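Listed here are the chains, written in short residue letters.
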Number of protein chains: 2
Amino acid sequence: MSSCSVLVVAGTHGNEVNAPWLLQQWQASPDLIDAAGLAVHRVIGNPEALRRCCRYVDRDLNRCFLPEQLKRGASGLEFQRAGELLRLHGADGELPCAVAIDLHSTTAAMGNSLVVYGRRPADLALSALVQGALGLPIYLHEADAQQTGFLVESWPCGLVVEVGPVPQGLLSARVVEQTRLGLETCLRVLDQARQGLVRLPDALVVHRHLGSRDLPKSEHGKPKALVHPDLQGRDWQNIAPNQAMFRAADGTERGEGWVEGEIPVFVNEAAYVEKSIAFSLTRREVWPVEPTWLPALQQLLRAA
Amino acid sequence: MSSCSVLVVAGTHGNEVNAPWLLQQWQASPDLIDAAGLAVHRVIGNPEALRRCCRYVDRDLNRCFLPEQLKRGASGLEFQRAGELLRLHGADGELPCAVAIDLHSTTAAMGNSLVVYGRRPADLALSALVQGALGLPIYLHEADAQQTGFLVESWPCGLVVEVGPVPQGLLSARVVEQTRLGLETCLRVLDQARQGLVRLPDALVVHRHLGSRDLPKSEHGKPKALVHPDLQGRDWQNIAPNQAMFRAADGTERGEGWVEGEIPVFVNEAAYVEKSIAFSLTRREVWPVEPTWLPALQQLLRAA
């Protein structure tokens, strides 16, 4: 068993149904996605939530990969499932994987994109290779104490492929195809990296997480205004400083004053309503690729 | 109590959250929607489903208005609620209403549209007046034994305002505004009809229901192909006869052979997955307005 196996996860959120369908189709038709000779393990992240077509049963599985809580056996279906996935496919698991690709969808107009958590060199190498191949935008999520415990952080290397917009619970041929393309590209560049056949681009373009904004709320916690229609669907785009963020039912605009250069992502993601996030703000940064990144990835892929 | 009161229903499906939010805002700000002097009763159709943010608890409320089942006290939360709404606001209820406007949203790209059930003259008069004012397309649902028991059919006059696309459970300023416009227009033309200040357009354009198509399914009932991406979002549009209906994950196209003139609606509505409907087919028809329609509506509105 080589530890350079790749874990492909779909249905970490049970109402994101496109990637699970893609994986079922792949299982039925092995030629559907070229695994580039890599050993791939496919799993449904949260089968019970998928069965119920809800995001989760007790708690968001993609916030349950918290080593402290897992060590002390935190209760609930999703903490149990997180522990199970690590015992099965963690770096020291029964069928160990070095890399985790976690396939998600969103109601926001994120297009085909990557989400990277923090600045681990192997993650940055993999995302730079995918960006070099497909040009996908990258949301770099870091330094957010409110949002922790993401699945891919528990593997030595990992990223999220995030595709939208698509309603929860709805199969979309376009979203399936974008997911297929993102996944197949991840696998191809991992194989090329393993074989020493790649070089990284000179630069990595990331959208670095700055923070999140919620809708204006009443004292009872009800929204008083909604995401402005001129902001809806403008994920990844530069916003004029005078663009209002929100609009009330009577047309009143609220929340002016974009900071120059702040770029929204996850605009009106349905699942973030409960997290009090109407959208997140990022800054586009161009990072020189560090010479340490690719070797970090290659070391993981070559480890016996 | 005049029986010409109008019942405005939001949240008949608990995961269609935009109309309920609009009604809350209207309650807080009475000027938000001009009721044109009409006596309006606002209700949340399925409060428990809205609380849970799911379409329904036991059964689709908008298929529960079945006189036979209601008479014999069929069990389940939604049958109970249907009976309750009729006892409270039916034509012979405690606070009787002659007209019901039922506000819905859809994941399909239906835009701002009306759904009319059958050919009751008062319904056709009301929809002709709204179409004359706003130009909205009308889906005429009839002769479908698989789909019965719609709410508005239990009032002497009624129609559905259907707005999309919007994911389930997600507030959208655009959808709220379209719903507000549709509702306010219904109320304005009802008042004008009551006062004898309207004439109907010469013709009514309807999209008459012909039938529905489901995705190609495996023997286990799993989709083998999805709605073709070139069909997605093309509700109300003429489709070329050689347009494929479905596409498999490997790109294989299926389901060719549109009948000339068949026009799809409710393309990929999330809630219809369980009803085995990928989209419905309609035929666009231009009907001369009958002289009986407007008097039928006016009689209801003037009845003491």
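In the block above lies the structure referred to throughout.
A brief report on the enclosed structure follows. This is a predicted model, so every value here is computed, not measured.

### Describing the overall build of chain A
Move 1: Helix and strand counts for chain A come out as 7 helices and 12 strands.
Move 2: Computed over its C-alpha atoms, the radius of gyration of chain A comes to 19 Å, within 12% of the 19 Å expected for a compact globule of 304 residues.
Move 3: Here the C-alpha coordinates of chain A stretch approximately 60 × 45 × 40 Å along the principal axes.
Move 4: For chain A, the proportion of its 304 residues judged to be buried stands at 58%.
Move 5: Long-range contacts, defined here as pairs at least 24 residues apart, represent 72% of the contacts in chain A between residues at least 6 apart.
Move 6: For chain A, the distance from the average site of its 29 positive side-chain charges to the average site of its 34 negative ones is 1 Å.

### Some details on the environment of Ser-105 of chain B
All names here are of chain B.
Move 1: With respect to the helices, strands and loops of the structure, Ser-105 is situated in strand E3 (residues 99-105).
Move 2: Taking the relative accessible area as the measure of exposure, Ser-105 reaches 9% and is therefore buried.
Move 3: Each C-alpha atom of the pair Ser-105 and Thr-179 lies 8.7 Å from the other, and the pair is 74 residues apart in sequence.

### Comments concerning the sheet that holds strand E8 (residues 226-227) of chain A
Move 1: Read across the open sheet, the 3 strands follow the order E8-E9-E10 (chain A); overall the sheet is antiparallel. Edge positions in the sheet fall to E8 and strand E10 (253-254) of chain A, since each has one partner strand and no second.

### Details of the packing of helix H6 (residues 173-194) of chain B against helix H7 (residues 293-302) of chain B
All names here are of chain B.
Move 1: Packing of H6 against H7 brings their axes to within 9 Å, and their N-to-C directions diverge by 90°. Between H6 and H7, the angle falls in the class roughly perpendicular. Contacts from Leu-190, Ala-193 and Arg-194 in H6 reach Leu-294, Leu-297, Gln-298, Leu-301 and Arg-302 in H7.
Move 2: Split into classes, the residues belonging to the contact of H6 with H7 amount to 5 nonpolar, 1 polar and 2 charged.

### Focus on the sheet that holds strand E1 (residues 6-10) of chain B
All names here are of chain B.
Move 1: Strand order in this open sheet of 9 strands is E2-E1-E3-E6-E4-E5-E7-E12-E11, and the pairing throughout is mixed. Each edge of the sheet is formed by a strand with only one pairing partner; in this case those strands are strand E2 (40-44) and strand E11 (262-265). Strand after strand, the sheet turns through a mean of 30° between neighbouring axes, direction not considered.
Move 2: Note: E3 against strand E6 (residues 157-164), 7 bridges, orientation parallel. Within E6, the position partnered with Ser-105 by the bridge is Val-163.

### A look at helix H6 (residues 173-194) of chain A
Residue and element names in this part refer to chain A.
Move 1: The terminal C-alpha atoms of H6 lie 31 Å apart, and with 22 residues this matches the ideal 32 Å at 1.5 Å per residue to within 8%.
Move 2: Counting buried positions along H6 gives 16 out of 22 residues, so the element sits mostly inside the fold.
Move 3: Downstream of H6 by one or two residues, Gly-196 has phi in the positive range, about 70°.

### Quick word on the packing of aromatic side chains
Residue and element names in this part refer to chain A.
Move 1: A complete count under the given rule lists 12 aromatic pairs over all chains for this structure.
Move 2: Residues Trp-258 and Phe-279 carry aromatic rings whose centres are separated by 5.7 Å and whose planes lie at 25° to one another, so their mutual orientation is stacked. With Trp-258 in the loop between E10 and strand E11 (262-265) and Phe-279 in strand E12 (residues 279-288), this residue pair connects regions lying 21 residues apart in the sequence.
Move 3: What makes Trp-258 buried here is its relative accessible area of 4%.

### Topic: the pairing of strand E2 (residues 40-44) of chain A
All names here are of chain A.
Move 1: Alternating residues of E2 divide into His-41 and Val-43, all buried, and Val-40, Arg-42 and Ile-44, none buried.
Move 2: Pairing analysis gives 5 bridges linking strand E1 (residues 6-10) to E2, with the strands arranged parallel. Looking at the pairing, Val-6 lines up with Val-40 of E2.
Move 3: One crossover worth recording links E1 to the parallel E2 by way of helix H1 (residues 18-28), and it is right-handed.

### Observations concerning the interface of chain B and chain A
Move 1: With 25 residues of chain B at the interface, the matching set in chain A holds 25 residues.
Move 2: In total, about 2,200 Å² of surface goes out of reach between chain B and chain A, with carbon and sulfur atoms giving 67% of it.
Move 3: The largest contributions to the chain B side of the interface with chain A come from Trp-21, Leu-226 and Ala-249 of chain B, which together make up 27% of the buried area.
Move 4: Put simply, chain B and chain A have 0 salt bridges between them.
Move 5: Counting across the interface, chain B meets chain A through 4 residue pairs in polar contact (both at pLDDT 80 or more).
Move 6: Of all the secondary-structure elements, those providing two or more residues to the side of chain B that touches chain A are helix H1 (18-28), H6 and strand E8 (226-227) of chain B.
Move 7: Among the elements that take part in the side of chain B that touches chain A, H6 of chain B stands out by supplying 4 residues, more than any other.
Move 8: Within the side of chain B that touches chain A, the residues separate by chemical class into 14 nonpolar, 5 polar and 6 charged.

About the thresholds
- Residues numbered from 1 in each chain as written.
- Chains lettered and ligands numbered in written order.
- Predicted model: local features only at pLDDT ≥ 70, side-chain atom pairs only at ≥ 80, totals over all residues.
- Heavy atoms only, no water.
- Helix = DSSP H or I, 4+ residues; strand = E, 2+ residues; numbered from the N terminus.
- Rg over C-alpha atoms; globule rule 2.2 N^0.38 Å.
- Buried < 20%, exposed > 50% of the residue type's maximum accessible area, 1.4 Å probe, protein only.
- Contact = heavy atoms within 4.5 Å.
- Lys, Arg positive; Asp, Glu negative; His and termini not counted.
- Charge placed at Lys NZ, Arg CZ, Asp CG, Glu CD.
- Pairing = 2+ DSSP bridges.
- Axes fitted to C-alpha atoms, helices over the stretch in contact; angles between N-to-C directions.
- Parallel < 35°, antiparallel > 145°, perpendicular 65-115°, else oblique.
- Nonpolar A, V, L, I, M, F, W, Y, C, P; charged D, E, K, R; others polar.
- Expected span 1.5 Å × (residues − 1).
- Phe/Tyr/Trp six-rings, centres within 6.5 Å; stacked < 30°, edge-to-face > 60°.
- Right-handed = clockwise from strand over helix to strand, strands pointing away.
- Buried area = accessible area lost by both parts, 1.4 Å probe.
- Salt bridge = Lys/Arg side-chain N within 4 Å of Asp/Glu carboxyl O.
- Polar contact = N/O pair within 3.5 Å; in protein donor to acceptor, adjacent residues only side chain to side chain.

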